[in-house]
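# A look at the structure
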Amino acid sequence: MANARVIVRRRKSVRNIRKITRTMQLIATARFQASLQRAMATKPYSEKLAELVADISRAAKNVSHPLMASHPDVKRSALLIVTSNRGLCGSYNTNVLRLALQSLTDLESRGTPADVYMVGKKGTNYFRFLRKPVHERVTNITDAPRFDQVEPLANTLMGRFERGEIASVEVIYMRFHTMGQQRPHRLSLLPLRSEERKTTPESDQTSRQTEFEFSPAPKELLDELLPAMVRMRLFQCFTDAAACEQIARMVAMKAATDSAGEMITTLTRKYNRARQTQITMELLDIIGGANALA
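Notes on the structure in this doc start here. (Residues numbered from 1 in each chain as written. Predicted model: local features only at pLDDT ≥ 70, side-chain atom pairs only at ≥ 80, totals over all residues. Heavy atoms only, no water.)

### Concerning the overall build of the protein
Test applied: Strands are runs of DSSP state E lasting at least 2 residues, helices are runs of H or I lasting at least 4, and numbering of each runs from the N terminus. Here the globule rule reads 2.2 Å times residues to the power 0.38, and the radius of gyration is calculated from C-alpha atoms. The buried label goes to any residue with under 20% of its type's maximum accessible area, the exposed label to any with over 50%, and the partly exposed label to all in between, with areas taken from a 1.4 Å probe on protein chains only. We call two residues in contact when some of their heavy atoms are within 4.5 Å. Note on areas: these come from Shrake-Rupley sampling with a 1.4 Å probe, and a residue is covered only by the protein chains present in the view. Residues counted as positive are Lys and Arg, residues counted as negative are Asp and Glu, and His and the chain ends are not counted. For the purpose of locating charges, the reference atoms are NZ of Lys, CZ of Arg, CG of Asp and CD of Glu.
Across its full length, the protein holds six helices and five strands. What you see in the protein, going N to C, is helices and strands ordered as α-β-α-β-α-β-α-β-β-α-α. Relative to the compact-globule value of 19 Å for 294 residues, the protein shows a C-alpha radius of gyration of 29 Å, a clear excess of over 25%. Along the three orthogonal principal directions, the C-alpha set of the protein runs to about 115 × 45 × 30 Å. Considering the protein as a whole, with its 294 residues, one finds that 39% of them fall into the buried category. Partitioning the intrachain contacts of the protein with sequence separation of at least 6 by distance along the chain shows that 80% fall at a separation of at least 24. Accessible surface, the protein as shown: approximately 17,000 Å² in total, 53% of it carbon and sulfur. With 45 positive and 29 negative side-chain charges, the protein shows a separation of 15 Å between the mean positions of the two kinds.

Listed below in structure tokens is the structure:
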């Protein structure tokens with residue numbers, strides 16, 4: 001039977017760990033609420049911006065833009081991977097990096113190897129362990145991303161695409177669907193496609209009958225709206241990833257807290273058995289000594 005003192009020390013250590021994991025669970029819950037509000041607040045703007053661009057592209061026919069152009073002769077692409085800076089978030093980073101490796105293999109099989117833009121220390125360390133090249137590392141974006149942190153990265157990718165250095169830009173991130181459903185997603189950021197609005201048959205008929213008058217010209221409008229659309233779509237990826245990270249950390253810390261509670265219960269039972277055995281042995285020694293003196 002294990003020593004009772006050893007069990008007591010171990011139980012005390014597990015209790016301290018449970019306090020830490022419980023606190024981290026509460027912190028992740030509070031951060032998730034803030035991250036979810038940011039992710040939900042940006043979606044209406046992104047959707048309306050996409051609808052506006054679709055309307056302009058449909059009404060102004062034969063209008064081209066560098067961000068919508070294809071580069072069939074360019075045999076290079078860019079892959080932006082969004083991971084976390086901190087761990088203790090379950091399989092969050094594992095799922096994202098698994099999809100990233102599959103995407104890299106897919107791009108290489110198509111003859112367009114990718115320049116990797118890695119966001120987050122966890123992904124950077126993993127690719128360093130695999131000895132895979134990383135074109136640029138970004139670790140200054142926190143778990144509460146701001147637009148001014150994401151905008152320079154979007155400008156860099158758009159600049160390389162417009163100069164014809166890369167043929168496409170794809171983003172690997174964890175996409176938020178619901179509180180209980182988050183999945184790693186592969187988003188094609190560039191080139192931009194002509195998107196159709198999601199409308200009812202009645203509103204679609206009204207949209208087709210609507211005539212647009214442009215001031216300034218459609219090309220000037222697209223010069224402003226398309227880069228803004230790319231920045232907002234990329235920012236939406238980061239806000240979704242931040243919300244998913246906090247959910248993953250919340251679930252992981254709750255599981256750790258529950259496991260610690262079960263371990264404390266098991267150790268308490270072992271301690272009680274060890275203490276009972278120790279008391280029984282002491283009583284037997286006393287009785288044996290008394291019988292010897294009798």
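There is more to say, and it comes next.
### Focus on the packing of helix H4 (residues 147–162) against helix H6 (residues 218–293)
Filter applied, for reference: Helix axes are fitted only over the stretch in contact, all axes being lines through C-alpha atoms; the angle between N-to-C directions runs from 0 to 180 degrees. Angles are sorted into four bins: roughly parallel if under 35 degrees, roughly antiparallel if over 145, roughly perpendicular if 65 to 115, and oblique for all others. Handedness of a helix crossing follows the sense of rotation of the near helix relative to the far helix, less than a right angle counterclockwise being left-handed and clockwise being right-handed. Just so you know the grouping, Ala, Val, Leu, Ile, Met, Phe, Trp, Tyr, Cys and Pro go in nonpolar, Asp, Glu, Lys and Arg go in charged, and all remaining residues, Gly too, go in polar.
Two numbers describe how H4 lies on H6: the axes approach to 9 Å, and their chain directions differ by 125 degrees. One element, H4, and the other, H6, form an angle in the oblique class. Read as a crossing pair, H4 and H6 show a hand that is right-handed. Residues Phe-147, Val-150, Glu-151, Leu-153, Ala-154, Asn-155 and Met-158 of H4 pack against Pro-227, Val-230, Arg-231, Met-232, Leu-234, Phe-235 and Phe-238 of H6. Of the residues contributing to the contact of H4 with H6, the split by class is 11 nonpolar, one polar and two charged.

### Observations regarding the nonpolar core
What counts, and what does not: For our purposes a nonpolar core is just a set of buried Ala, Val, Leu, Ile, Met, Phe, Trp, Tyr and Cys residues, chained together by side-chain atoms within 4.5 Å.
Of all hydrophobic cores here, the largest spans 62 residues; its most connected members are Leu-80, Ile-81, Val-171, Leu-190 and Phe-238. Of all the elements, H6 adds the most residues to this core, at 16 residues. Sequence-distant contacts of Ile-81, that is, excluding residues within four places in its chain, are made with Val-96, Leu-97, Ala-100, Val-116, Tyr-117, Met-118, Val-119, Phe-127 and Ile-172. If you look at the next biggest cluster of nonpolar residues, it comprises seven residues, including Ala-4, Ala-260, Ile-264 and Ala-274.

### Concerning unusual backbone geometry
Across the junction of Leu-190 and Pro-191, the peptide omega takes the value 0 degrees, indicating a cis bond. As for its position among the elements, Pro-191 is in the loop between strand E5 (181–190) and helix H5 (201–209). With a phi angle near 60 degrees, Leu-88 is a residue other than glycine that sits in the positive phi range. With respect to the helices and strands, Leu-88 occurs in the loop between strand E1 (77–82) and helix H2 (92–109). Residue classification places Leu-88 among the exposed positions, given a relative accessible area of 54%.

### With respect to the pattern of salt bridges
To be explicit about the condition: Salt bridge, as used here, is a side-chain nitrogen of Lys or Arg placed within 4 Å of a carboxyl oxygen of Asp or Glu.
For the structure on display, the rule yields 14 salt bridges. Between Asp-143 and Arg-86 there is a salt bridge whose closest N-O contact spans 3.1 Å. A residue pair is termed long-range when its members are at least 10 positions apart, and Asp-143 in the loop between strand E3 (136–138) and H4 and Arg-86 in the loop between E1 and H2 qualify at 57 residues. Note that Arg-249 and Glu-245 form a salt bridge whose closest N and O atoms lie 3.2 Å from each other. Residue Arg-249 and its partner Glu-245 are located together in helix H6, separated by four residues, close to a single helical turn. Given the relative accessible area of 2%, Arg-249 is considered buried. Put simply, Arg-76, Asp-115, Arg-160, Arg-163 and Glu-165 are held in one network by salt bridges that share partners.

### Considerations on the sheet that holds strand E2 (residues 114–119)
What counts here: Any two strands with at least two DSSP-identified bridges between them are counted as paired.
The five strands lie next to each other as E3-E2-E1-E4-E5, forming an open sheet whose pairing is mixed. Here the strands that pair on one side only, and so sit at the sheet edges, are E3 and E5. Sheet twist, expressed as the average angle between the axes of neighbouring strands with direction ignored, equals 25 degrees. Pairing of E1 with strand E4 (residues 169–178), which is carried by four bridges, proceeds in the parallel orientation. Within the sheet, the bridge partner assigned to Ala-78 lies in E4 and is Val-169.

### Re H2
How we decide: Between the first and last residue of a helix there are one fewer steps than residues, each counted as 1.5 Å, and that sum is the expected span. Throughout, the arc means the angular range of directions from the helix axis out to the C-beta atoms.
The terminal C-alpha atoms of H2 lie 26 Å apart, and with 18 residues this matches the ideal 26 Å at 1.5 Å per residue to within 8%. Listing the buried residues of H2 in full gives Tyr-92, Asn-93, Val-96, Leu-97, Leu-99, Ala-100, Ser-103, Leu-104 and Leu-107. Axial view of H2: buried residues confined to an arc of 160 degrees, hence all on one face. Turned more than 90 degrees away from the buried face of H2 sit Thr-105 and Ser-109, all of them exposed. As for H2, its buried residues are in contact with E1, E2, helix H3 (121–130), E4, E5 and H6. Two residues or fewer after H2 comes Gly-111, characterised by a positive phi angle close to 80 degrees.

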